[in-house]
Amino acid sequence: QVQLAESGGDLVRPGGSLRLSCAASGTFYQITIMGWYRQAPGKQRDLVAMITSDGSTNYGDAVKGRFTISRDNAKNTVSLEMNSLNPEDTAVYYCRAHVQSTPDILPSVYWGQGTQVTVSS
């Protein structure tokens, strides 16, 4: 079984910065894609950013130019550097990973429990 543990959520003022981290644990062959999604109250869960094992990235339109995703393949971690935060960034941020348990099985999707980010003065 694979577990994803997020950390770094906090209350931050508008214009501030925050760094989220997610660590995968368990027994598996490899993690192909890691990413961050967010869900604000009453809204759907949306893509924030994702990164492949070779470093290719994709960002949601709302965060382009402000957020940066990175990963450490050796440590099975993914981080999200968030700058110029505004109240619209307030949400629960979820880590997601596509995990391949063996080389001959397609990846399965795992989610973390989420970490709250609140942007408010």
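Structure report, in brief. Predicted model, so just to flag it, every value in this text is computed and none were measured.

Cut-offs applied
- Residues numbered from 1 in each chain as written.
- Predicted model: local features only at pLDDT ≥ 70, side-chain atom pairs only at ≥ 80, totals over all residues.
- Heavy atoms only, no water.
- Helix = DSSP H or I, 4+ residues; strand = E, 2+ residues; numbered from the N terminus.
- Pairing = 2+ DSSP bridges.
- Axes fitted to C-alpha atoms, helices over the stretch in contact; angles between N-to-C directions.
- Phe/Tyr/Trp six-rings, centres within 6.5 Å; stacked < 30°, edge-to-face > 60°.
- Buried < 20%, exposed > 50% of the residue type's maximum accessible area, 1.4 Å probe, protein only.
- Lys NZ or Arg CZ within 6 Å of the ring centre and 35° of its normal.

A look at the environment of Ile31
For step 1, the next point in the chain: Counting through the fold element by element, Ile31 comes out in strand β4 (residues 30–39).
For step 2, the next point in the chain: A sequence separation of 57 residues divides Ile31 from Glu88, and the C-alpha atoms of the two residues are 30 Å apart.

Observations concerning unusual backbone geometry
Both trends apply: most residues other than glycine have a negative phi, and most peptide bonds are in trans.
For step 1, the next point in the chain: One non-glycine residue, Asn76, lies in positive phi territory at about 55°.
For step 2, the next point in the chain: Relative to the helices and strands, Asn76 resides in the loop between β7 (67–72) and β8 (77–82).
For step 3, the next point in the chain: Although it is not a glycine, Ser84 adopts a positive phi angle of roughly 50°.
For step 4, the next point in the chain: Its place among the elements puts Ser84 in the loop between β8 and β9 (91–100).

What about the sheet that holds strand β1 (residues 2–7)?
For step 1, the next point in the chain: If you walk across this open sheet you meet the four strands as β1-β3-β8-β7, and the pairing is antiparallel. The open sheet has two edge strands, β1 and β7, and neither has a second partner. Each neighbouring strand pair of the sheet contributes to a mean axis angle of 15°, computed without reference to strand direction.
For step 2, the next point in the chain: With six bridges joining them, strand β3 (residues 18–26) and β8 adopt antiparallel strand pairing. Bridge pairing in β8 places Ala23 opposite Thr77.

A look at the packing of aromatic side chains
For step 1, the next point in the chain: Counting across every chain of the model gives two aromatic pairs.
For step 2, the next point in the chain: Arranged with centres 5.2 Å apart and planes meeting at 70°, the rings of Tyr37 and Trp111 form a pair that is edge-to-face. With a gap of 74 residues between them, Tyr37 in strand β4 and Trp111 in strand β10 (residues 108–111) connect regions that are remote in the sequence.
For step 3, the next point in the chain: A relative accessible area of 15% places Tyr37 in the buried class.
For step 4, the next point in the chain: With a centroid separation of 6.4 Å and an interplanar angle of 85°, the aromatic rings of Tyr94 and Trp111 are classed as edge-to-face. Of this pair, Tyr94 sits in strand β9 while Trp111 sits in strand β10, placing them 17 residues apart in sequence.
For step 5, the next point in the chain: Residue Tyr94 is classed as buried on the basis of its relative accessible area of 14%.
For step 6, the next point in the chain: With relative accessibility at 32%, the residue Trp111 sits in the partly exposed group.
For step 7, the next point in the chain: Counting every residue linked through ring pairs, the aromatic cluster contains Tyr37, Tyr94 and Trp111.
For step 8, the next point in the chain: In this structure, Arg45 is placed above the aromatic ring of Tyr94, and the distance from its NZ or CZ to the ring centre is 3.6 Å.
For step 9, the next point in the chain: Over the aromatic face of Trp111 sits the side chain of Arg45, whose NZ or CZ is 4.7 Å from the ring centroid.

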